[in-house]
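Architecture and fold: a report
So you can see what is in the structure, the chains are spelled out below.
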Amino acid sequence: MKILSTVFLSTLFLLARSDDAEVSSEDEAVVTLTTDNFESVIGENARVLVEFYAPWCGHCKALAPEYERAAQAIAADDSIDAVLAKVDATIEKDLATRYGVKGFPTLKFFTGDADKPSDYSGGRTESTILQWLRTRSMPPVSVLNNLDEVDAFKKKARVVLVGFFDEGSDEGKALNEVAEANRESVIVGQVQSKDVKVEGTEFGKLYLFRDFGEPVVAFEGTTVDADSITEFLNAERFPLIDEIGPENYKDYVDRGLPLVWIALNVEDADEQKAVLDALQPYAKDTKGTLSFTWVDGQKYAQHVQNLGITETPGLLIAGDNNKKFLFEGKLTSADDLKAFFDGYKAGNLASHLKSEPVPESNDGPVFVLVGSEFDSVIGKDK
């Protein structure tokens, strides 16, 4: 289910990164590839992420400083065994043709064989690039042998899943299955010895360590299998309400839940806090069924309006089958919010459709059909 507007998020990424300074080419950590050195660089490195770009491409310009910062971070991090490289596709046209490059930027991932690349599926910020490559430099589940290793592992990502299970146990096998399926979104560890004591945990259980909200969340299910772990992970690895941007939008797409878009005026801190505080109970009640996200409604005013939110602060649910439900009350009113979310849960809300006003008269030779009347006119009995 594709809930997010590609145009909206693409522009969000461009605007969010438009103030970044360009990196001097002589100081670059990103390796420049040409036809002459492409095969050797790919063959000599276990993992190479290659960006095919065009100098005139706006998205490529937005990616460049993030890509360079990620390359510099990798150079200083022994836990990530990878190289970042780039190809100017306007010059190296044979390479672009060889790898079917049709748009920019195109990113391909190589593991030692120039003939067998895979598509890059991560984000386009330093942190998301590092996360994607880090998981591919690690086993699906990292075995943690002592407290120091656990403490270091917890700092590797914003969200870390750790199971305290015996080696070869059914729970450990389920954990490995989930880790394989969620490499891009979470890193997973396993403590296999009862002698490793971690405060707030006990052997035989599963925990999510987070850098937001409640820092340690215990799995409370009665059966530890792949399905229950996945459900736990998808419910708990997201904040109740989160700012959405290029760093996390793919996570929300992959989560597959209807999105609650909240447009805020971030310059009014008191109003922003009042709105988010009012929405917290509903975000908590619908955890695992709705994703609550907010965006700067002033900075991205045009794109918020394109989404369907008519004023800031404002709220809209982008639900299944591309249906949208616009909140038209006061965002700090408990009564208005309750009526809206109760109506959504019951399926009683009318979907929102951007539309011109209904004509006062439709007696002319050409019938004027506007968006709000489409279903009633086209779908009515003939």
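Relevant structure appears above.
If you're wondering where the values come from, they're calculated on a predicted model, not measured in any experiment.

So, on to the nonpolar core. Ranked by size, the top nonpolar core spans 21 residues in total, and within it I262, L279, F292, L315 and F341 carry the most contacts. In terms of residue count, the dominant contributor to this core is helix α10 (residues 269–285) (6 residues). Setting aside residues up to four positions removed in sequence, L315 forms contacts with V260, W261, I262, L279, I309, F325, L326, F327, L331, F340 and F341. V141, A179, V186 and V217 belong to the second-largest nonpolar core, a separate cluster that totals 19 residues.

What follows is about the sheet that holds strand β7 (residues 159–164). Strand order across the open sheet formed by 5 strands is β6-β8-β7-β9-β10, with mixed pairing between neighbours. Two strands bound the open sheet, and with one partner strand each, they are β6 (141–144) and β10 (216–218). Strand-to-strand, the axes of this sheet are offset by a mean angle of 25°, without reference to chain direction. Of the strand pairs in this sheet, strand β9 (residues 206–210) and β10 are connected by 3 bridges, and their pairing is antiparallel. The partner of F209 across the bridge, within β10, is V216. On the sheet, helix α7 (residues 170–181) packs against β6, β7, β8 (187–191) and β9 and is oriented at approximately 165° with respect to β8. In the packing of helix α8 (residues 226–236) onto the sheet, contacts are made with β7, β9 and β10, and the angle to β9 comes to roughly 20°.

Glancing now at the pairing of strand β13 (residues 291–296). Taking burial as the measure, the 6 residues of β13 include 6 buried ones, the bulk of the element. The alternating pattern of β13 places S291, T293 and V295 and F292, W294 and D296 on opposite faces, both of which are buried. Here strand β11 (residues 241–243) runs beside β13; their pairing, made up of 3 bridges, is parallel. Paired with E243 across the strands is W294, a residue of β13. As judged from the 6 bridges shared by strand β12 (residues 259–264) and β13, these two strands associate in the parallel manner. Looking across to β13, one finds that A263 is bridged to V295. Running through α10, the crossover from β12 to the neighbouring parallel element β13 is right-handed.

Attention now moves to the packing of aromatic side chains. Scanning the model with the defined rule gives 15 aromatic pairs in all. Arranged with centres 5.0 Å apart and planes meeting at 15°, the rings of Y282 and F341 form a pair that is stacked. Here the residue Y282 occupies a position in helix α10, and F341 occupies one in helix α12 (residues 334–346), the gap between them amounting to 59 residues. Connected via pairs of aromatic rings, a cluster forms that spans Y282, F292, F327, F340 and F341. Over the ring of W132 we find R136; its NZ or CZ atom is 3.6 Å from the centre of that ring.

With that settled, consider the sheet that holds strand β15 (residues 324–326). The mixed open sheet is built from 5 strands, whose spatial order is β11-β13-β12-β14-β15. The sheet terminates laterally at β11 and β15, the two strands that pair on one side only. If you compare each strand with its neighbour and ignore which way they point, the axes differ by 25° on average. Along the sheet, α12 makes contact with β13, β14 (314–318) and β15, crossing β14 at roughly 5°.

The rules we used
Residues numbered from 1 in each chain as written. Predicted model: local features only at pLDDT ≥ 70, side-chain atom pairs only at ≥ 80, totals over all residues. Heavy atoms only, no water. Core = buried A, V, L, I, M, F, W, Y, C linked by side-chain atoms within 4.5 Å. Buried < 20%, exposed > 50% of the residue type's maximum accessible area, 1.4 Å probe, protein only. Helix = DSSP H or I, 4+ residues; strand = E, 2+ residues; numbered from the N terminus. Contact = heavy atoms within 4.5 Å. Pairing = 2+ DSSP bridges. Axes fitted to C-alpha atoms, helices over the stretch in contact; angles between N-to-C directions. Right-handed = clockwise from strand over helix to strand, strands pointing away. Phe/Tyr/Trp six-rings, centres within 6.5 Å; stacked < 30°, edge-to-face > 60°. Lys NZ or Arg CZ within 6 Å of the ring centre and 35° of its normal.

Take it as geometry only, folks, not as evidence of what the structure does.
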